[in-house]
2 protein chains.
Amino acid sequence: MNEIEVFRKYVKESGLRNTPEREVIIEEIFLTHDHFDVDTLYLCLKNKKCSISKASIYRTIPLLIESGLIKEVFFEDGHMHYEHVLGHEHHCHFRCLGCGKIIEFKEDEVMDIEKKCSESYGFEVTGHKLELFGYCRECLKKEGKDRKVSTIDRVDVD
Amino acid sequence: MNEIEVFRKYVKESGLRNTPEREVIIEEIFLTHDHFDVDTLYLCLKNKKCSISKASIYRTIPLLIESGLIKEVFFEDGHMHYEHVLGHEHHCHFRCLGCGKIIEFKEDEVMDIEKKCSESYGFEVTGHKLELFGYCRECLKKEGKDRKVSTIDRVDVD
DNA sequence: ATTATTATTGAGAATCTATTGCAATAATAA
DNA sequence: TTATTATTGCAATAGATTCTCAATAATAAT
């Protein structure tokens, strides 16, 4: 099943209605593997002349999350950022505090943590969000120039 | 060093000025180990008659993050939530999708992931944010009653 | 101590994100 | 084909955060 078929199935099972607007949104989101936010998605569609109101985009987002097509990845610059899940292998995010760049990387060990957490605490873990932050190779080279490091890196707690 | 001393040091080194308002904010935050958000902090201080304007709280938050005293933990209900770091042992968060409850739990394995990431990709990792989500023991008991589960739990990708 | 400099404060205005009300439209079922 | 009602777009609204600006107060200099 591709993303459109998944959504049609979800819509039918939930007693909702499918619309061309929603399919246009889904198609746009799945064009790339990049993160997106509501505003860029809106502008992107506007430029392509398949303009869709922001209200409709905002109303569609929860449906896409609910149907498992997309997920929230991080909140930045005052708004949420999303990425599509279907067809996009699971990964974590590394955020460079120097240049702001987001780098995806694979990591299977989190599954172990999920499992351990399930067993130790009796939770049913259905997903996770892991973000590492620090400085990327490029910013480390510039060393201290553009690097904004907290003056207090380590604090002695008595 | 306690939180006030850490902040005074940070302020001095950054060429800023310390104020009684900022120290009141810090003291309030460090009174408990709970998560907090700007609005509850504001109301809390207001009730204690040490009222401080929201603008000042908003302006102080980035300084507290920068000085390593607090960190963002999650964005929920339309605003950011924070917790203090100094004196609060590192931990991860489990969010129950059934009742919305946040549960803290200890997990050391993430450090291994940090290390592996540093070595494989040449990053300098300074921190992380791990959030697991799913259903807590209580919600699992109620099984399917209040549980809001996506209709599509697993999707066959061809 | 006193004075000068300028960061900080508080109040409210402004901005930005996200949600909602409503009339018109259009997707589904009958 | 018709009836029902979810969805759309627009505008109004709510809520969070930032900004403006005059008054205040923390530090440095004298």
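Everything here concerns the structure above.
If you're wondering where the values come from, they're calculated on a predicted model, not measured in any experiment. (Residues numbered from 1 in each chain as written. Chains lettered and ligands numbered in written order. Predicted model: local features only at pLDDT ≥ 70, side-chain atom pairs only at ≥ 80, totals over all residues. Heavy atoms only, no water.)

*Asks:* Describe the relation of the copies chain B and chain A, with residues and values.
*Replies:* Superposing chain B onto chain A takes a rotation of 179° combined with a translation of 0.0 Å along the rotation axis, leaving an RMSD of 0.2 Å. In short, the pair behaves as if placed about a two-fold rotation axis. Measuring from the rotation axis to each C-alpha of chain B, the shortest distance belongs to Leu-130 of chain B, at 2.2 Å. A share of 100% of interface residues in chain B that are also interface residues in chain A marks the association as one of identical surfaces. (Least-squares fit on C-alpha atoms with pLDDT ≥ 70 in both. Contact = heavy atoms within 4.5 Å.)

*Asks:* Go over the packing of aromatic side chains with me, naming the residues and quoting the values.
*Replies:* Inspection of the entire model under this criterion finds 11 aromatic pairs over all chains. Between the aromatic rings of Phe-7 of chain B and Tyr-10 of chain B, the centroid separation amounts to 6.1 Å while the plane-to-plane angle is 40°, which identifies the pairing as tilted. Of the two residues, Phe-7 of chain B and Tyr-10 of chain B both sit in helix H1 (residues 3-14), 3 residues apart, roughly one turn of that helix. A residue is classified by how much of its surface remains accessible, and Phe-7 of chain B, at 1% relative accessible area, is buried. Each residue in the set Phe-94 and Phe-105 of chain A together with Tyr-121 and Phe-123 of chain B is aromatic and connected to the rest through ring pairs, giving one cluster. Just above the ring of Phe-74 of chain A sits the side chain of Arg-95 of chain A; from NZ or CZ to the centre is 4.9 Å. (Phe/Tyr/Trp six-rings, centres within 6.5 Å; stacked < 30°, edge-to-face > 60°. Helix = DSSP H or I, 4+ residues; strand = E, 2+ residues; numbered from the N terminus. Buried < 20%, exposed > 50% of the residue type's maximum accessible area, 1.4 Å probe, protein only. Lys NZ or Arg CZ within 6 Å of the ring centre and 35° of its normal.)

*Asks:* Give a description of the packing of helix H2 (residues 20-31) of chain A against helix H3 (residues 38-47) of chain A that names residues and reports values.
*Replies:* All names here are of chain A. Two numbers describe how H2 lies on H3: the axes approach to 11 Å, and their chain directions differ by 105°. Considering the angle they form, H2 stands roughly perpendicular to H3. Along its contact with H2, which presents Val-24, Ile-25, Glu-28 and Ile-29, the element H3 presents Leu-41, Cys-44 and Leu-45. The class makeup of the residues in the contact of H2 with H3 is 6 nonpolar, no polar and 1 charged. (Axes fitted to C-alpha atoms, helices over the stretch in contact; angles between N-to-C directions. Parallel < 35°, antiparallel > 145°, perpendicular 65-115°, else oblique. Nonpolar A, V, L, I, M, F, W, Y, C, P; charged D, E, K, R; others polar.)

*Asks:* Give me the lowdown on the sheet that holds strand E4 (residues 102-105) of chain A, citing residues and values where you can.
*Replies:* In space, the 6 strands of this open sheet follow the order E4(A)-E3(A)-E5(A)-E5(B)-E3(B)-E4(B), with mixed pairing throughout. With partners counted over all chains shown, the strands left at the sheet margins are E4 of chain A together with strand E4 (102-105) of chain B, one partner each. Recorded for the sheet is a direction-independent mean angle of 25° between the axes of neighbouring strands. The sheet contact formed by strand E5 (residues 124-135) of chain A and strand E5 (residues 124-135) of chain B spans 11 bridges and is antiparallel. The residue of E5 of chain B that forms the bridge with Phe-133 of chain A is Gly-127 of chain B. Where helix H5 (residues 109-121) of chain A meets the sheet, it contacts strand E3 (92-96) and E5 of chain A together with E4 and E5 of chain B, and its direction lies at approximately 135° from that of E5 of chain A. Against the sheet, helix H5 (residues 109-121) of chain B touches E4 and E5 of chain A together with strand E3 (92-96) and E5 of chain B, its axis set at about 135° to E5 of chain B. (Pairing = 2+ DSSP bridges.)

*Asks:* Tell me about the pattern of salt bridges, and name the residues and values.
*Replies:* One pass over the structure, following the stated rule, counts 21 salt bridges over all chains. In this structure, Glu-23 of chain A and Arg-8 of chain A form a salt bridge, with 2.8 Å as the shortest nitrogen-oxygen distance. Of the two residues, Glu-23 of chain A is situated in helix H2 and Arg-8 of chain A in helix H1 (residues 3-14); the sequence distance between them amounts to 15 residues. Its relative accessible area of 15% is what places Glu-23 of chain A among the buried residues. We classify Arg-8 of chain A as partly exposed; its relative accessible area is 44%. Close ionic contact of Asp-39 of chain B with Lys-54 of chain B constitutes a salt bridge, the shortest N to O distance being 2.6 Å. With Asp-39 of chain B in helix H3 (residues 38-47) and Lys-54 of chain B in helix H4 (residues 54-66), this pair connects stretches of sequence that are 15 residues apart. (Salt bridge = Lys/Arg side-chain N within 4 Å of Asp/Glu carboxyl O.)

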